[in-house]
Amino acid sequence: MTGIARFWHRHKWSYFFIAPGMFFFFVFLGYPVLRAVALAFQRVTLRSSEWVGLKNFIDVFSSQLFRDAMWHTFLYAFFVVAAWILSSLVVAALLQPFPNRVQALFRGAFYLPYVTSIIVISLVWIYIFQPEYGFLNWLLGVFGLPRVLWLQNPNIALWSIILSTIVVVPGTGVVLYSASIGSIPRELYEAAEVEGANAVQKWMRITVPLLKPTTLYLMVIYTIAGFQVFERVYIMTGGGPINRTTTIVQLIYLTAFSDFNFGRASAQALVLFAIIAAFSFVQFRFLSTDVEY
Amino acid sequence: MATGQALEPSAALGRTRAAGRTRSDRFWQIVILLFLICSASISLFPLYWLFVTAITPASATVKLPPQLIPSNPTLENIVNLIQLSGTGGLRVVGLENVRISRMALWFINTLLLALVSTGIHVVFDTMAGYAFAKRKFPGSNLFFWMILAALMIPGQVTLVPLYLMITQMKLVNTFPGVLLPGLADVIGIFLLKQYIQTMPSELEEAARMDGASEWKTFTNVIVPLAAPAIAVTAIFAFQRYWNSFLWPLVVLQNPDLFTLQVGLSYLYTSEFGTNYGLLMSGAALASIPMIIFFFAFQRYFMQGLRVGAIKG
């Protein structure tokens, strides 16, 4: 047998097993990623393309709308990540002393809103935010407060979208924090009590530090999700009023499929990727620990 | 936590059983429980409001005070929706002359898309996951490293190139145009590799000794053992395709081919945009299957989250 025949005989099944998955991976993910990098340096129409150097990136960074979109996205991501980490941590910690069945019931309840699509949830929020018949303005009225134009007032719209995201405690965080808190040895708390530590000290010195790996993981996935916010904005405000809720992904969508400026849209997408990668890197640097217990 | 320690004051709050049960412990337990019930209620409120509005007569949805508990529940919204959303041909299976309500059409389109995508994913991902976990072959490390790198790239990066590819392949506004790019998702390969890696190799080797072919070994030994991980992969894939929005929105222009999510956003921008009863009944119809799915497979959903959290 020649070398090639032996190689084929030994490895053909391995390549057979990975072939279908890797085919789709290379055609619909590997190649498009390389193409996206090329597109970012081109002027592209559906029929032709020409190289234009850094023009797309210069256009992106000199555009006021892109800077606004970046700012809106930062605000959204910052508040959503902070609120989600905090609320899921507090809920998971408070759940801990209850019997398993009660815990499971609550975990299910907190996870349930996340199985439906963001489109569905956003449509409900449009109705909740409705100025005349919406639930929220009715509630304000009950307390004698004036109506708010939640999605129509340019100064409030972005905050309303953030509000609609953060009032729902994230199910993933509750489930993962519960699992980690459950695995912290009780002896640590007992030892701390012997030393005379109070509740706050135990929380700050034992619970929070030992949950760092979970916090890091959640922070990274929530930051990525936060920077990719699209559906909520697309449905609730369409970026308005007067572009005050435009986010990066929404701008990419508009640049590509409303202006048909594919080159610039690719440049925007690469900038988004760079921002996400930079944030993930920084979070890993500052939060990664080798906690063991 | 050990069983039989019912309602023990929270360790996280700094109390242990040794501290004993006092009246104040009991008080705090109730406060904590009330707080948890409140935050769960707020989290679930949008979902509750969705279903309540869906069965409230349309005229009552634009009146104050809002009916927090529906006084005359009705199915008129859903009936109206099915009648008013227009009709279209069942194009997705090539039956353009069979005309049914668009709402039903969107439901069928979404179900088919999610089922076919999930089915293909489960087979391909299990095969690849097994090869990466248990077989040594030239290039395995390189390929797996590429998969890990791809997991970090946000989907928006490939949006434009994929659209140009689909256009060149003349697949815009077609079912394969929505389906094919979704099959590049590699999270399933990653999850299955992580799981299959932890399975013992003895059974696999024994099957080979008995003269079973490689394919038989895979289907009769690996697949049954990896069933829990395969179920998790399938459930998350189904949820992802059922709820996906941006890609179908970009590819599909013909309302007959829309998925439920695209159809709902289309309804919202149509003349029914302010008919909240109608909109919510559509949204309810789009979420009921996922909610049933969740209750049926809750255990797998929870497991899947933890598998995903263990970084390889």
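Bear in mind that the values here come from a model prediction, so they are computed numbers and not experimental data.

## So, the overall build of chain A
Reasoning step 1: Within chain A, the secondary structure is distributed over 14 helices and 2 strands.
Reasoning step 2: Over its C-alpha trace chain A gives a radius of gyration of 25 Å, far above what one expects of a compact globule, namely 19 Å for 293 residues.
Reasoning step 3: For chain A, the spread of C-alpha atoms along the three principal axes comes to 70 × 70 × 30 Å.
Reasoning step 4: Burial analysis of chain A (293 residues in total) assigns 44% to the buried set.
Reasoning step 5: Considering only residue pairs separated by 6 or more positions, chain A has 70% of its internal contacts joining residues 24 or more positions apart.

## Points about the overall build of chain B
Reasoning step 1: Looking only at helices and strands, chain B features 14 helices and 2 strands.
Reasoning step 2: In terms of overall dimensions, chain B is more spread out than a globule: its C-alpha atoms have a radius of gyration of 25 Å, far above the 20 Å expected for 312 residues.
Reasoning step 3: Counting over 312 residues, chain B shows a buried share of 41%.
Reasoning step 4: Within chain B, residue pairs in contact and separated by at least 24 positions form 65% of the contacts whose partners lie at least 6 positions apart.

## Things to note about the interface of chain A and chain B
Reasoning step 1: The partner chain B presents 86 residues to the 85 residues of chain A that form the contact.
Reasoning step 2: Examining the composition of the side of chain A that touches chain B, we find that 18 residues originate from one element, helix α1 (residues 3-39) of chain A, more than from any other.
Reasoning step 3: Tallied by class, the residues present in the side of chain A that touches chain B amount to 65 nonpolar, 13 polar and 7 charged.

## As for the packing of helix α7 (residues 187-197) of chain B against helix α10 (residues 227-243) of chain B
All names here are of chain B.
Reasoning step 1: Contact geometry for α7 and α10: axes closest at 10 Å, N-to-C directions at 165°. The angle between the axes of α7 and α10 places the two elements in the roughly antiparallel class. The two elements α7 and α10 meet at a crossing, and its hand is right-handed. Taken together, the residues of α10 that come into contact with α7 (itself represented by Gly188, Leu191, Leu192 and Tyr195) are Ala229, Val232, Thr233 and Ala237.
Reasoning step 2: Class assignment of the residues belonging to the contact of α7 with α10 gives a composition of 6 nonpolar, 2 polar and no charged.

## Description of the environment of Leu183 of chain B
Reasoning step 1: Mapped onto the secondary structure, Leu183 of chain B falls in the loop between α6 (175-182) and α7.
Reasoning step 2: Judged by the 21 C-beta atoms lying within 10 Å of it, Leu183 of chain B falls in the buried class.
Reasoning step 3: Sequence separation between Leu183 of chain B and Ser117 of chain B is 66 residues; the distance between their C-alpha atoms is 6.9 Å.
Reasoning step 4: Not counting residues within four places of it along the chain, the set of residues in contact with Leu183 of chain B comprises Phe24 and Phe28 of chain A together with Ser117, Ile120 and His121 of chain B.

## A word on the confidence of the model for chain B
Do not read the fine detail of predicted coordinates wherever pLDDT is low.
Residue and element names in this part refer to chain B.
Reasoning step 1: Per-residue confidence for chain B gives a mean pLDDT of 86; residues scoring 70 or more make up 91%.
Reasoning step 2: Mean pLDDT values for the elements of chain B range from 77 in helix α14 (residues 298-309) up to 95 in helix α11 (residues 246-251).
Reasoning step 3: The low-confidence segment residues 1-19 (pLDDT under 50) makes 38 contacts with residues lying over four places distant or belonging to another chain.

## Quick look at the pairing of strand β1 (residues 87-90) of chain B
All names here are of chain B.
Reasoning step 1: By the bridge criterion, 4 bridges tie β1 to strand β2 (residues 95-101) in an arrangement that is antiparallel. Among the inter-strand pairings, Gly88 is bridged to a residue of β2, identified as Ile100.
Reasoning step 2: The hairpin turn running from β1 into β2, its antiparallel successor, is 4 residues long, and Gly94 in that turn takes a positive phi close to 80°.

What counts as what
- Residues numbered from 1 in each chain as written.
- Chains lettered and ligands numbered in written order.
- Predicted model: local features only at pLDDT ≥ 70, side-chain atom pairs only at ≥ 80, totals over all residues.
- Helix = DSSP H or I, 4+ residues; strand = E, 2+ residues; numbered from the N terminus.
- Rg over C-alpha atoms; globule rule 2.2 N^0.38 Å.
- Buried ≥ 20, exposed ≤ 12 C-beta atoms within 10 Å, placed from the backbone.
- Contact = placed C-beta atoms within 7 Å.
- Nonpolar A, V, L, I, M, F, W, Y, C, P; charged D, E, K, R; others polar.
- Axes fitted to C-alpha atoms, helices over the stretch in contact; angles between N-to-C directions.
- Parallel < 35°, antiparallel > 145°, perpendicular 65-115°, else oblique.
- Left-handed = near helix turned anticlockwise from the far one by under 90°.
- pLDDT = per-residue confidence, 0-100.
- Pairing = 2+ DSSP bridges.

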